[in-house]
Amino acid sequence: MNKDVNSAEEIDPQQCALLSEPCILVDENDLNVGSASKRECHLMRGDGTSLLHRAFSVFLFNSSGELLVHRRSDAKITFPGHYTNTCCSHPLHTPEETIEDDALGVRLAAQRRLHFELGIPPEQATPDELIYLTRIHYASPSDGMWGEHEMDYIIFLQKDVVIAPNENEIQDTRYVKREEFQNFLNDLKENDIPITPWFSLIAQNLLPIWWENLNNINKFKDHENIHHMM
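So, a few notes on the structure that sits alongside this text. (Residues numbered from 1 in each chain as written. Predicted model: local features only at pLDDT ≥ 70, side-chain atom pairs only at ≥ 80, totals over all residues. Heavy atoms only, no water.)

## Let's talk about empty space enclosed by the protein
Move 1: Under the criterion given, the structure shown has one cavity of 30 Å³ or more.
Move 2: Approximately 210 Å³ is the volume attributed to the largest cavity.
Move 3: Considering the residues around the largest cavity, the lining is formed by 21 residues, among which Lys38, Arg72, Thr78, Cys88 and His90 are closest to the centre.
Move 4: When residues of the lining of the largest cavity are traced back to their parent elements, those giving at least two are α2 (38-42), β3 (53-61), β6 (87-89), α3 (104-118) and β8 (147-158). (1 Å grid on protein atoms, 1.4 Å probe; cavity = no way out; pocket = protein on both sides within 12 Å on 5 of 7 lines; lining within 4 Å. Points joined across faces, edges and corners; volume = space filled by probe spheres on them. Helix = DSSP H or I, 4+ residues; strand = E, 2+ residues; numbered from the N terminus.)

So, in structure tokens, the structure goes:
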């Protein structure tokens, strides 16, 4: 369940401070149309929608082809305690992270958040190593005050890295083998452990073919089309 930002007792101060970060507002063609705070982007409006903004989802695999997943900390305001992919966040509306060329701004943001959330040294996840695969447009209204409406950039990286998770962001990490991934999802369901909506969409529809072709992932690059999964 998402948290009520107006409840001072319920909101973690570190997570609350992050709500002021400026996200990038976009239209359905992913054109930058301005900025709004993270809080404004995730608040549900009266019509049941929320502001469309840029995001990214990193899928990091080790040299054995195992996917690093994590469980979000209980301090998170949105989707606390949910399992999700390696790293999921937003590029900021800054000169550096709004660079459009080959999604450099998004890749710089991914490098920043991999360091912040997982403690991965920046030199172990450089923008040149982060593969921008494609984009997904999805929405996931919540039953409360928060929701998701994102233009989600899919970023892949296969590399052995050092991790030191930030406990305010992450409560558990694990590497999952491709042949055991469905069992992993089934176990989460059986134990009533939720997964984030974007991870669920990607895991069901796109991840299997990408993972199967991890050694030739570049053939799936598509920077022209957007997967609208509404």
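## Some points on unusual backbone geometry
Move 1: Backbone geometry places phenylalanine 79, a non-glycine residue, at a positive phi of 55°.
Move 2: Mapped onto the secondary structure, phenylalanine 79 falls in the loop between β4 (67-72) and β5 (83-84).
Move 3: With phi around 55°, aspartate 192 is a residue other than glycine that occupies positive phi space.
Move 4: Relative to the helices and strands, aspartate 192 resides in the loop between α4 (181-190) and α5 (197-205).

## Things to note about the pattern of salt bridges
Move 1: This model, assessed by the stated rule, comprises 11 salt bridges.
Move 2: Here lysine 177 and glutamate 66 are joined by a salt bridge, their closest N and O atoms 2.9 Å apart. Of this pair, lysine 177 sits in the loop between β9 (170-176) and α4 while glutamate 66 sits in the loop between β3 and β4, and the two are 111 residues apart along the sequence.
Move 3: For glutamate 66, a relative accessible area of 16% gives the class buried.
Move 4: Through salt bridges that share partners, Asp30, Arg54, Glu100 and Arg135 make up one connected network. (Salt bridge = Lys/Arg side-chain N within 4 Å of Asp/Glu carboxyl O. Buried < 20%, exposed > 50% of the residue type's maximum accessible area, 1.4 Å probe, protein only.)

## Quick notes on the pairing of strand β1 (residues 22-26)
Move 1: Summarising burial for β1: four of the five residues are buried, a large majority.
Move 2: Where β1 lies against strand β2 (residues 32-37), five bridges are found, and the strand directions are antiparallel. Along β2, the bridge assignment pairs isoleucine 24 with serine 35.
Move 3: Connecting β1 to the antiparallel partner β2 that follows it, the hairpin turn spans five residues, and aspartate 30 within it adopts a positive phi of roughly 70°. (Pairing = 2+ DSSP bridges.)

It is worth stressing that arrangement in space is one thing and function is another; only the former is reported here.
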